[in-house]
Each structure stands twice: as C-alpha cells, then as structure tokens.
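These are the residues of each chain, in order.
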Amino acid sequence: MTKEDPSVRRRSVLQGVGAGLVPLAVGDAAADPVSEPVDDAVKTAPSVFGEIGRRIDEVRYPLVGVPAIKEPGETLRVELDFQADPGDISATLEPSFGIATPETELELESIDRGESEIWRDEEYYVAEIVVPELDRQFTEGLYDLRVEWDSGDSQVEGNVDGQPRAVSIYDSFPDNPEIAIMGDPHVGDPRPFQDGAREAFEARDPEPFLFRYGETFGTGTEDDRWGAFQRAAAEINAEAPDLVFVIGDLAFGSANYYQEYEDAYRVLNQVNAPTFVTLGNHDGYISPGAGIDGKELWRRYFAPWHYSVDIRPDLHFVSIDSYDWPALDRTTVSSVPSTWGGQVRDEQFGWLADDLRSWRDDNEGTIVTMAHHNPSWRQTEGGEATGTTDGVPGVEQVGRGAEMSGGGWVGKNRLELRSLLAEVGVSLHVSGHEHRDRVARYHGDDTVVATTGTGLEHVGPDGEVLETTTGRKREILTEGEGPLFLEVTTAASGTTEYWGWRTVSVARDGSRVDPTQFGYPVTDEFLAERALEPDQWSAANADLGLYSTPSYRVDARIVEASPERVTVRIINDLHREFDGAVTIPLRARRGVRVWNGVKRWQRSDGDWQDVRIAFSADQGKSIDVTAETASKESSNG
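Quantities reported herein were computed from a predicted structural model and do not represent experimental measurements.

Assigned secondary structure in the protein consists of 12 helices and 33 strands. For the protein, with 637 residues in total, the buried portion stands at 61%. Put simply, of all contacts in the protein between residues at least 6 apart along the chain, 73% involve residues at least 24 apart. Surface exposure of the protein reaches about 23900 Å², of which carbon and sulfur atoms provide 45%.

This is how it looks when you write it as structure tokens:
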C-alpha cells in the first residue's frame, strides 16, 4: 500500500460528517483498517436472497467485537475453526491505524484442540502465541490479526484469515481504565427524520430536519452515511479511552438487514480502541419475507450472543443476551416485532450464574457486565403474555404484542439477574435500549434507587415507590455497595435527549463505582436547547453522573501539514476539560519535538513514523498540538 505525503492528502483529524471531523491518523490506514490479504479473506457479498456473508470465519477469537488486551511477554490465545490439522501456522499483527504500519511476526508456542472460551459448546484449534517486547516497530496500540496456514492440501488456496482491531497492546494496562460507552447506533433507522420534522415544525425552520437527515443518510455514500454514528466514534477516538463498550442495536432490522450489518461493521471499525459489543433487540429480529435472522448475522459479524472474557486477570467482563426470546417472539411483520423488551431465559441464566460465581470464588477483582436491557427497571406490561410462545400463529402473536408487549423488561429473570449481580459483587452494569440517560444503584431487600429525568426514586421489587428522603436516596446512589446500573443516550437515532456517548473509570480492585466521578455537567439551558423533550429533563441530578457527553461539541482539524511538521487544532466547546490523544504522521527522522502535548510513543515504518501525543484542552478553549522532526537524519539510517 502506498503511503501518501500527509501534506498532499489532508484528512481532518476526527472521522465523521458534519463539522469537519476526520480520523486522528492522517495517513491512509485509517480509511482501510484491514490489510489487503485479510480483507480479501473475509470479504462478504451480502444479498437478500443469497448466502449470508461471513465476517467471522476461521479466526473465532479474538474478534472485532471481542478483542484481546495484552501486555508484552504474555500469551495471546487464538481460536481457529479448522476441520482438519492446519499444518504450519504463522500469525502477524499490523497496526489498525496510522501511516506507519509495519507487520510484526508472532512466535507460536503451541497449537492443540480445546474448548472455546467465548463460543459455548464449541471446540476449535487453539494457538498459543507469544506477544513480543515493545520497540520502534511494535508499540502500544490497536492491531489487526492475520493468520496463515498450510493444510497440506494443494487444492486449497488462500489459507489466510484475520480480524481487524482484534488485539490491543499496552505496555502496562491502567489500574483504573477509562471506558467509553456508545449506545444504540441504529444503522438503518428512519426515526431521526420524525424527530427532525417535529423540531422543524415547532421552530418553523427546516434546519433541524435537514441536519438529522444529513447525519443519518448524508448523500448515501459510505463516507457520510450514518454520520452521527461516525461522529460519536470519532469523538471517542479523540478522547482515547482504554476500552469501548457498544451496548447493542447496531442495526435497525429492516428489509436491508444485510446492508445495515455491513455499514455497522464498517463504522465500528473506525473506533481506535478495543471494542466489546452486546446484542440488542434490533440486532436480533427475524424478517420472514427475506428469511433473515438477525441473531445469525450477529454471530457472523461481531460476537456470540453472550460471552465472558478476562480483559485482565483482575477485570472480568460479561456480555449478556437480554433479547433472549424464541424465534416467534423475534419475528417481525412490517418491521414490528411481537416483543422488543428484555428477557434472560433459564438456560442462559444458569450459564451466567456459574460463570460469575466461579470467577468470584477465585478473584477479588472487578466484574463489569453489559446487556442491552436493564434489570434494574421495573417489570413492564406483557410479562405473562410474552412468555415462550412457540407455535402461536405469527399474526396473532404480533397483534398481541402490539397491545401487551412493550420495550421494557417484560420477560423472565429480572429480579433474579439483578440479585445475582449483587451477590457476586458486580461493580458496574451497562445498558441502553431506551435512548436516555439513567443511573441506578441496587440496594438492600432487592430495592433500587434510580434517577428519573427530573428527580430520584426508590423502588421496591414489585415496582412500589418507597418513602425515602432525597438525601438518603442520594447517599445510596453515591455511597452504596450494590451494583451501579448505568444507561447512556443514543449515538444516532430518535431520542428524548440528544446524540452522545459517555465515559466512566472503573478500578480493578473490586471497589464500587461512584457516579459523581463522571457524567456531563449539563444545565437547564443546555437541555432546553438540545433535548427533544426538555420538559422531561432537569439539571438537578447532573452531579450524580446522569448525563452523557453530547456529540458535535469537540472538533479537531489539521491546520498545518508538511512531512516534517504537523499541527492539529483541538477545539473544545464542552462544559468540561477534554483529555485525549492524537496520532501525527511525520518523516522518519531522529528526534521529535512536541508542543502542547506529551509524547506517548513513536512507531516507524520505512520513510514514515507515527507519533502518539496526549493532550488536555480546557473547557471552552482550543489548543494547537504540534509535532516536528528535530533533525534531517533518518531514524532508519
């Protein structure tokens, strides 16, 4: 791949449509994070009437949606789905982003058959691979994994597979990692037009509709489709979190399900941080006319329906399938399913209980769980009507669902799940689905204290509101020992709030999460301007971590670019400090000077190098981050 002079092709620094934001990597690789051989190997040809494509093929772990976090000297586990002995195997890592993308060959320790750690009841070949020490070519960062093998069959060609953004390398993973949470991107969702039309009508101004239309469909080209989703990904890139959680509903579930999954996969691969995903209801619908089961697409593109991984030995992560319904309950008629609410059936609940209890028996660290639906909600209408209903005629079921189902927790194991999370000492449970921010804390006797849009409530297991003082409710939320339940607004869809995302830090020592340490400091004026239904919201509980960070208030652009000197201007219009990082490309020369930032690492490849620079932009201010070569002598000389 030819690497262009950054002065010739000036990408803006954050990728997305709208306010001039583009990827922080200014070279080629940000647009095409998968190396060409890997891209050829995992290419799909989606067709409504054809074979479902595969983005997950021989490489079964690590994945785009379930990456591996590693430090130098550790062993990387790679699960490979081969029908026969693969023969000789080689594996390489290539940086997912940047202009300097050297390949690093990995040392194979062993390969043998074994049970998968994320795919239940599956057995694969398991390759144990050594992660090398860091140097100028192999640095911290996000990497594409590429695996080649020789099966000994001369008739088989192209024995190569891979996963983009599947391995994240840290010199030392932080004790208090920062997690960015992105909710409900809804690729394919037409509902923003309805919101935009309403706003435009009320304001007697077409701009709100035109903005939402442009940020949803753009001109229809790949570069600007789903611009709000891309914008959220870009702003998260600028903040440079350690982990990213995507809490479901990547797709919408229309007749264009294949295209929605392709677009969601494409935009997700713009995120320059290890990304863990969970399945939402819109990801799991069944379209009877086209014969498409979204849950099967999910397994082919992103991840298992539910899984657990040790992000680090003292940080356990579990993705729960809260859209755990039989086929008829997920079947749609005119894009309307019988059930879109939450449920965890007994089989999955048993697996989850075994997983959490066995991990906790051996560890004092932190457990974080994620599901699209939130078990801290009250039980909603339809609990009896939306039981397992295999065999009920589809028309009858959909008619019943329209009257009695709903989108809350309508199915099984709501109380059992939240009690289990409390029993094993889960620090944080992350969810979405409702397109609105919410913070809740599990308390004794199976009660929950939760924020509403304008206040606080203390609710019993049957939904009864308990008489508790405001001061006591605030105390339970901030100092309680039970799991914290955290929801986030939508990244791109219709919403009662605004498009955005949020970040939260979680300690790895098993301690509780304090919501006062995160959240966006909104004002009533901000809500009146940005929320679609401002009367439902108040700034009263902003100090309890209630609100997400709004999109379209951070910008970053290249204002000076040459092979020896690049300046990036960070514009922070948020009501908080914005700490992040930018990757700047330069000629590979000895020594680099940096202004208004701190150099984290340099990575070189031939005539080019990437310089990773951390920065801090004060509230309402802009700064120019500059990197410049200090000599004319090549660093490769």
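In the segment running from Tyr61 into Pro62, the intervening peptide bond is cis, with an omega of 0°. Tracing the backbone shows Pro62 in the loop between strand E1 (59–61) and strand E2 (68–70). In this structure, Asp121 is a non-glycine residue whose phi angle is positive, near 65°. Mapped onto the secondary structure, Asp121 falls in the loop between strand E6 (107–115) and strand E7 (123–130). Among the residues examined, Asp121 registers a relative accessible area of 75% and is labelled exposed. In the Ramachandran plot, His435 falls in the positive-phi region, its phi being about 60° despite a non-glycine side chain. If you trace the backbone, His435 turns up in the loop between strand E20 (428–431) and strand E21 (438–443). By relative accessible area, His435 is classed as buried at 7%.

It is worth spelling out the nonpolar core at this point. Residues Phe276 and Phe302 are the most contacted members of the largest nonpolar core, which totals 132 residues. Discounting residues that sit within four places of it in the chain, Phe302 has contacts with Ile56, Leu63, Gly65, Val66, Leu250, Tyr261, Ala264, Tyr265, Leu268 and Val277. If you look at the next biggest cluster of nonpolar residues, it comprises 23 residues, including Trp377, Val424, Val426 and Val448.

Two descriptors summarise a pair of aromatic rings, namely the distance from one centre to the other and the angle between the planes of the rings. Counting across every chain of the model gives 21 aromatic pairs. Plain terms: the ring middles of Tyr301 and Phe302 are 6.1 Å apart, the flat faces sit at 45° to each other, and that makes the pair tilted. For Phe302, a relative accessible area of 1% puts it in the buried group. For the pair Tyr498 and Phe526, a centre-to-centre distance of 5.2 Å together with 80° between the ring planes defines the contact as edge-to-face.

Now for the packing of helix H8 (residues 346–362) against helix H10 (residues 414–423). Viewed as axis vectors pointing N to C, H8 and H10 meet at an angle of 10°, and their least axial separation amounts to 10 Å. It follows from the interaxial angle that H8 and H10 lie roughly parallel. Across the interface between the two elements, Phe349, Leu352, Ala353, Leu356 and Arg357 from H8 touch Glu416, Leu417, Leu420, Leu421 and Glu423 from H10. A breakdown of the residues in the contact of H8 with H10 according to their chemical character gives 7 nonpolar, no polar and 3 charged.

Here the focus is the pairing of strand E9 (residues 160–169). Across the 10 residues of E9, 10 count as buried, placing the element largely inside the fold. Inspection of the sheet shows E2 paired to E9 by 3 bridges, in the parallel sense. Across the sheet, Ile69 pairs through a bridge with Ser168, a residue of E9. Bridge count between strand E8 (residues 141–150) and E9: 7 bridges; the pairing is antiparallel.

Okay, the sheet that holds E7 next. Within the open sheet, the 4 strands sit side by side as E1-E3-E7-E6. Their pairing is antiparallel. Whereas interior strands pair on both sides, the edge strands pair on one side only; in this sheet they are E1 and E6. The sheet shows a mean angle of 35° between the axes of neighbouring strands, direction not considered. Sheet topology note: the E1/strand E3 (residues 75–80) ladder contains 2 bridges and is antiparallel. Bridge assignment links Tyr61 to a residue of E3, and that residue is Glu79.

Cut-offs applied
- Residues numbered from 1 in each chain as written.
- Predicted model: local features only at pLDDT ≥ 70, side-chain atom pairs only at ≥ 80, totals over all residues.
- Heavy atoms only, no water.
- Helix = DSSP H or I, 4+ residues; strand = E, 2+ residues; numbered from the N terminus.
- Buried < 20%, exposed > 50% of the residue type's maximum accessible area, 1.4 Å probe, protein only.
- Contact = heavy atoms within 4.5 Å.
- Areas by Shrake-Rupley, 256 points an atom, 1.4 Å probe, with all protein chains shown as cover.
- Core = buried A, V, L, I, M, F, W, Y, C linked by side-chain atoms within 4.5 Å.
- Phe/Tyr/Trp six-rings, centres within 6.5 Å; stacked < 30°, edge-to-face > 60°.
- Axes fitted to C-alpha atoms, helices over the stretch in contact; angles between N-to-C directions.
- Parallel < 35°, antiparallel > 145°, perpendicular 65-115°, else oblique.
- Nonpolar A, V, L, I, M, F, W, Y, C, P; charged D, E, K, R; others polar.
- Pairing = 2+ DSSP bridges.

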